[in-house]
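Notes for the structure review
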Amino acid sequence: MDKPLLCVSACLAGENVRYDGRSVFHPGLWEFVTEHFTPLPFCPEVEAGLPVPRQPMDLFDSPLSPRAIDRNGEDHTFALTRVMRAQIRRLCGLPVCGALLKSRSPSCAVCRRIPVFDRETGRACGESFGLFAKMFLAAFEGLPVADEHVLAGGKAREEFLHAVLARHTFSEDRT
Ligand code: SF4
């Protein structure tokens, strides 16, 4: 049986894609991922044509439909959502069994919401998952998702592994 496909934030796979060019690669986490899964790395921000390094982004306006705007005031929402939709369409054609996405990212945050700010006041007006994470959660309802903190070890890591393997067995049984 093939290993289950796992959608992964490319920065967690060790790719140099972060806004600050800093590595967030954890060898132990990656060993766990590659031992049990076939990773599908993807960085929406770089796929949208943004450089490394780049200005960091935050989410603004509506918590239900936030906009991704960088510290120069440039709104990247349209470019980001275009590549994110294309990636979700691609993933929908694959037997994806889960996702490991980077925490605290305006694109990828999937387990804990991050603040959404009011552009006028600069104050937080709500919270949201990252833009790509929101699309993933909507398209793959019920699929196991985790960030690097969830998979740091212990019971949560075991639970995630079992949940992804269960999805994988289920999808293999249906083919
Ligand atoms: Fe790219 Fe997501 Fe990692 Fe940010 S968190 S660098 S958008 S993969």
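Before reading further, recall that the structure is shown in the block above.
This one's a predicted model, so the numbers in the text were calculated from it and none came from an experiment. (Residues numbered from 1 in each chain as written. Predicted model: local features only at pLDDT ≥ 70, side-chain atom pairs only at ≥ 80, totals over all residues. Heavy atoms only, no water.)

1. Considerations on the nonpolar core
- By size, the foremost hydrophobic cluster in this structure holds 30 residues, and its most contacted members are Cys7, Leu91, Val96, Leu101, Phe132 and Phe136.
- Listed by contribution, the elements that provide at least two residues to this core are strand S1 (5-9), strand S2 (38-42), strand S3 (57-61), helix H3 (77-92), strand S5 (96-100), strand S6 (114-117) and helix H4 (131-139).
- If we ignore the near neighbours within four places in the chain, the residues touching cysteine 7 are Leu40, Leu91, Val96, Gly98, Ala99, Leu100, Leu101, Phe132 and Phe136.
- Residues Val8, Ala10, Cys11 and Leu151 belong to the second largest nonpolar core, which totals 21 residues. (Core = buried A, V, L, I, M, F, W, Y, C linked by side-chain atoms within 4.5 Å. Buried < 20%, exposed > 50% of the residue type's maximum accessible area, 1.4 Å probe, protein only. Helix = DSSP H or I, 4+ residues; strand = E, 2+ residues; numbered from the N terminus. Contact = heavy atoms within 4.5 Å.)

2. Quick word on the pairing of S3
- Two strands pair when backbone bridges link them, and S3 and strand S4 (residues 66-70) are joined in this way by five bridges, in the antiparallel orientation. From the neighbouring strand, methionine 57 faces S4, where its bridge partner is aspartate 70.
- Two successive antiparallel strands, S3 and S4, enclose a turn made up of four residues.
- Here two bridges tie S3 to S6, and the two strands are oriented parallel to one another. Residue pairing across strands places leucine 59 opposite valine 116, the latter belonging to S6. (Pairing = 2+ DSSP bridges.)

3. What about the pattern of salt bridges?
- Under the counting rule described, the total for this entry stands at eight salt bridges.
- Two residues, arginine 22 and aspartate 20, come together in a salt bridge whose shortest N-O distance is 3.2 Å.
- Note on arginine 22: relative accessible area 49%, which makes it partly exposed.
- Residue aspartate 20 is classed as partly exposed on the basis of its relative accessible area of 30%.
- Aspartate 75 serves as the salt-bridge partner of arginine 67, at 2.6 Å between the closest nitrogen and oxygen.
- Judged by its relative accessible area of 32%, arginine 67 is partly exposed.
- Here the salt bridges do not stand alone but share partners, grouping Arg18, Asp20 and Arg22 into one network. (Salt bridge = Lys/Arg side-chain N within 4 Å of Asp/Glu carboxyl O.)

4. Examining the sheet that holds S6
- Taking strand neighbours across the sheet as the criterion, the four strands line up as S4-S3-S6-S7 in an open arrangement whose pairing is mixed. At either end of the open sheet lies a strand with only one pairing partner, and these are S4 and strand S7 (124-128). Mean inter-strand twist for the sheet, computed between neighbouring axes without regard to direction, equals 45°.
- Pairing between S6 and S7: four bridges, direction antiparallel. Counterpart to proline 115 in the pairing with S7 is glutamate 127. (Axes fitted to C-alpha atoms, helices over the stretch in contact; angles between N-to-C directions.)

5. So, the sheet that holds S2
- Spatially, S2-S1-S5-S8 is the arrangement adopted by the four strands of the open sheet, whose pairing is parallel. Of all strands in the sheet, those bounded by a partner on one side alone are S2 and strand S8 (145-146).
- In terms of strand pairing, S1 meets S5 through four bridges, oriented parallel. Bridge pairing in S5 places cysteine 7 opposite alanine 99.
- Sitting on the sheet, helix H1 (residues 27-36) is in contact with S1, S2 and S5, with an inclination near 120° to S2.
- Together, S1, S2, S5 and S8 form the strand contacts of H4, whose direction differs from that of S5 by roughly 155°.

6. Things to note about the site of the ligand
- Around the ligand sit 14 residues in total, of which Cys11, Cys43, Lys102, Ser105 and Cys108 are the nearest.
- Applying the majority rule of atoms within 2 Å of the grid points places the ligand in the largest pocket.
- Within the shell around the ligand, the residues separate by chemical class into seven nonpolar, three polar and four charged. (Near = heavy atom within 4 Å. 1 Å grid on protein atoms, 1.4 Å probe; cavity = no way out; pocket = protein on both sides within 12 Å on 5 of 7 lines; lining within 4 Å. Sits in = over half its atoms within 2 Å of the grid points. Nonpolar A, V, L, I, M, F, W, Y, C, P; charged D, E, K, R; others polar.)

Function-wise, these values are silent; they only describe arrangement.
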